[in-house]
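Here's the letter readout for the chains.
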Amino acid sequence: MTNLIKCALCGGATSMVSEAGAIHLYKCHSCGNEFPVRVHFVDKPIPLGIKVFKAVVTATDSKAARKAQIQVRKVFGGMANFYPADLDRQILQGESVWDLGFYSADEVAKLEQSAANIGLEVQFVPS
Ligand SMILES: [Zn+2]
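The rules behind the values
Residues numbered from 1 in each chain as written. Predicted model: local features only at pLDDT ≥ 70, side-chain atom pairs only at ≥ 80, totals over all residues. Helix = DSSP H or I, 4+ residues; strand = E, 2+ residues; numbered from the N terminus. Buried ≥ 20, exposed ≤ 12 C-beta atoms within 10 Å, placed from the backbone. Contact = placed C-beta atoms within 7 Å. Expected span 1.5 Å × (residues − 1). Arc of directions from axis to C-beta. Pairing = 2+ DSSP bridges. Axes fitted to C-alpha atoms, helices over the stretch in contact; angles between N-to-C directions. Core = buried A, V, L, I, M, F, W, Y, C linked by C-beta atoms within 7 Å. Domains from an automatic or database assignment.

Chemist: Just checking my understanding: could you explain the overall build of the chain for this structure?
Modeler: Counting secondary structure elements, the chain contains 3 helices and 7 strands. Listing every helix and strand of the chain by position from the N terminus yields β-β-β-β-β-α-α-β-α-β. Put simply, the chain has 127 residues, and 27% of those count as buried. Of the contacts formed within the chain by residues at least 6 apart in sequence, a portion of 47% connects residues at least 24 apart.

Chemist: Explain helix H3 (residues 105-117) here, please?
Modeler: An α-helical turn contains 3.6 residues, so any two residues separated by three or four positions project in the same direction. Between its terminal C-alpha atoms H3 stretches 19 Å, which fits the 18 Å expected from 13 residues at 1.5 Å a residue. Of the residues making up H3, those classed as buried are Glu 107, Leu 111 and Ala 115. Buried residues along H3 cover an arc of 65 degrees about the axis, so they all sit on one side. Away from the buried face of H3 by more than 90 degrees, exposed residues Ala 105, Asp 106, Ala 109, Gln 113, Ala 116 and Asn 117 are located. Looking at the packing, one finds that the buried side of H3 touches strand E5 (52-58), helix H1 (62-76) and strand E6 (97-104). A positive backbone phi angle near 75 degrees is found at Gly 119, which sits one or two residues after H3.

Chemist: Just checking my understanding: could you explain the sheet that holds strand E7 (residues 123-126) for this structure?
Modeler: Each strand in a sheet pairs with its neighbour through backbone hydrogen bonds, running either in the same direction (parallel) or in the opposite one (antiparallel). Overall, antiparallel pairing links the 3 strands, which are arranged E6-E5-E7 in an open sheet. The two strands at the open ends of the sheet, each matched to only one other strand, are E6 and E7. Averaged over all pairs of adjacent strands, the angle between their axes in this sheet comes to 30 degrees, without regard to strand direction. Taken together, the 6 bridges between E5 and E6 define a ladder with antiparallel strand orientation.

Chemist: Before we go on, may I ask you to explain H1 in this structure?
Modeler: With 15 residues, H1 should reach 21 Å at 1.5 Å per residue; the first-to-last C-alpha distance of 20 Å fits that figure. Burial in H1 covers these residues: Ala 65, Ala 68, Val 72, Val 75 and Phe 76. Considering only its buried residues, H1 is in contact with E5, helix H2 (84-92), E6 and H3. Two residues or fewer after H1 comes Gly 78, characterised by a positive phi angle close to 95 degrees.

Chemist: Explanation requested: the nonpolar core in the structure shown.
Modeler: Across soluble globular proteins, nonpolar side chains have a tendency to be buried as a group. In this structure, Ala 55, Val 57, Val 72, Leu 100 and Leu 111 are the most contacted members of the largest nonpolar core, which totals 25 residues. Per-element tally for this core: the top contributor is H1, with 5 residues. The residue makeup of this core includes at least three contributed by each of domain 1 (1-49) and domain 2 (52-126). Among residues more than four places away in sequence, those in contact with Val 72 are Val 57, Leu 87, Leu 100 and Leu 120.

Structure, rendered in structure tokens:
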């Protein structure tokens, strides 16, 4: 589904990937950028980052990265806003800090619990 919202970084076409009340999350088709948009009923949606958290995992070395990759897939698998291919791309590019997308406070509570259960360290950065 395409729409009028353009990527804030590259101007590419986007799709809505998640909807939580008045906050919709969009993902760019071109560069993979994700950003929250607050929807106004009478107005054009404007980007606004409230009550969403960006999930970040830091892998210190390649051995830690392999372990964390499996753990991340376990914890985030099934989340509408998690893209395994996007994670693989970041790992392939040698990134040590992984951007795992944006999540609502409710989702963060669940993710924190399952991450703690298997010993994965995830930071949730308020957007
Ligand atoms: Zn883009």
